[in-house]
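# Summary of the model geometry
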Amino acid sequence: MSYISRFLDRVYLVGAWLAGALLVTLCLLVLYSIVARLVGWFAGGASDVAGYAMATSSFMALAYTFRSQGHIRVSILSQRLDGVRRRALEIWAHFAIAGVASFLAFYMVRLAIDSYDYGERSEGADAMLLWIPQTPVALGACLFALSTIHVFLIVLLDYKSVDPELNEAGGPQEV
């Protein structure tokens with residue numbers, strides 16, 4: 001399991017780097033759009049593409065952020081529990097987020113496929129085929145779903161490595 005975890009962690013890291021590159025692209029597109037307006041150039045669909053870059057970067061970063069525990073976690077209830085109850089709550093919570101993320105990923109993929117099948121185009125100046133920007137967003141949603149399932153399996157099969165009681169006492173922490 002640790003070999004698979006290390007491989008998946010590298011995949012999530014690639015997604016995070018891609019998200020960072022897309023944020024730089026977003027910044028450059030916004031700057032181009034501003035300069036184009038000031039100079040009187042036609043910026044085309046720069047603002048539309050910037051929006052697509054923002055959506056893609058958000059979804060690409062979710063997997064790495066979730067795996068590295070960067071999301072805000074409300075543990076008011078779980079910190080009051082211990083032992084079997086705490087583990088049961090952790091399993092239920094990770095199962096729930098894995099289910100929601102998988103549901104989101106499924107429908108993002110379905111949206112991209114439907115846009116491809118119907119030949120939908122954006123309403124902006126570029127009239128871009130919508131499946132083109134929707135595909136990387138769907139890929140990021142799938143990556144996020146994979147990371148939630150990954151962490152769920154760790155909590156289910158190797159709870160000692162993520163047990164908050166052990167981690168508070170200075171034990172190992174892998175999630």
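Refer to the preceding data block for the structure.
Residues numbered from 1 in each chain as written. Predicted model: local features only at pLDDT ≥ 70, side-chain atom pairs only at ≥ 80, totals over all residues. Heavy atoms only, no water.

Taking 1.5 Å of rise per residue, the 38 residues of helix α1 (residues 2-39) would be expected to cover 56 Å, and the 55 Å separating its terminal C-alpha atoms lies within 8% of that figure. Taken as a whole, α1 has its buried residues at Ser5, Leu8, Tyr12, Gly15, Ala16, Ala19, Leu22, Leu26, Leu29, Ser33 and Ala36. Structurally, α1 contributes buried residues whose contacts are with α2 (46-67) and α4 (131-157). Just beyond α1, the residue with positive phi is Gly40, at close to 95°. (Helix = DSSP H or I, 4+ residues; strand = E, 2+ residues; numbered from the N terminus. Expected span 1.5 Å × (residues − 1). Buried < 20%, exposed > 50% of the residue type's maximum accessible area, 1.4 Å probe, protein only. Contact = heavy atoms within 4.5 Å.)

Take the nonpolar core next. Core analysis: the biggest nonpolar cluster contains twelve residues, these being Phe59, Phe66, Ala101, Ala105, Met108, Val137, Ala138, Ala141, Phe144, Ala145, Val151 and Val155. Apart from the residues lying within four places of it in its own chain, the contact partners of Ala105 are Ala141, Cys142 and Ala145. (Core = buried A, V, L, I, M, F, W, Y, C linked by side-chain atoms within 4.5 Å.)

With a phi angle near 50°, Ala127 is a residue other than glycine that sits in the positive phi range. In this structure, Ala127 sits in the loop between α3 (83-118) and α4. Assessed through its relative accessible area of 30%, Ala127 is described here as partly exposed.

Once that is clear, we can look at the environment of Ala43. Locating Ala43 in the fold gives a position in the loop between α1 and α2. Taking the relative accessible area as the measure of exposure, Ala43 reaches 21% and is therefore partly exposed. Separated by eleven residues in sequence, Ala43 and Tyr32 have C-alpha atoms that sit 7.6 Å apart.

Here the focus is the side chain of Ser57. The residue Ser57 is located in helix α2 in this model. Beyond its immediate stretch of four places on either side in the chain, Ser57 contacts Ala19, Leu22 and Leu23.

Our focus in this paragraph is the packing of aromatic side chains. Evaluation of the coordinates by the stated rule reveals five aromatic pairs. When the centroid spacing of 5.9 Å and the interplanar angle of 85° are considered together, the rings of Phe66 and Phe144 count as edge-to-face. Of the two residues, Phe66 sits in helix α2 while Phe144 sits in helix α4, which places them 78 residues apart along the sequence. The exposure classification of Phe66 matches that of Phe144, with both residues buried. Each residue in the set Phe103, Phe106 and Tyr107 is aromatic and connected to the rest through ring pairs, giving one cluster. (Phe/Tyr/Trp six-rings, centres within 6.5 Å; stacked < 30°, edge-to-face > 60°.)

A cluster of nonpolar side chains, contributed by Val24, Leu28, Val30, Leu31, Tyr32, Ile34, Val35, Leu38, Val39 and Trp41, occupies part of the molecular surface with about 970 Å² of accessible area. Considering the arrangement of structural elements, one finds Leu28 in helix α1. Taking relative accessible area as the criterion, Leu28 reaches 54% and is therefore assigned exposed. (Patch = residues over 30% accessible without salt bridge, like charges linked within 9 Å, V, L, I, M, F, W, Y side chains within 5 Å. Areas by Shrake-Rupley, 256 points an atom, 1.4 Å probe, with all protein chains shown as cover. Salt bridge = Lys/Arg side-chain N within 4 Å of Asp/Glu carboxyl O.)

The interhelical angle for the contact between α1 and α2, taken along N-to-C directions, is 155°, at an axis separation of 7 Å. As judged from the angle between their axes, α1 and α2 are roughly antiparallel. Crossing of α1 over α2 shows left-handed handedness. Across the contact of α1 with α2, the residue classes tally to 20 nonpolar, five polar and two charged. (Axes fitted to C-alpha atoms, helices over the stretch in contact; angles between N-to-C directions. Parallel < 35°, antiparallel > 145°, perpendicular 65-115°, else oblique. Left-handed = near helix turned anticlockwise from the far one by under 90°. Nonpolar A, V, L, I, M, F, W, Y, C, P; charged D, E, K, R; others polar.)

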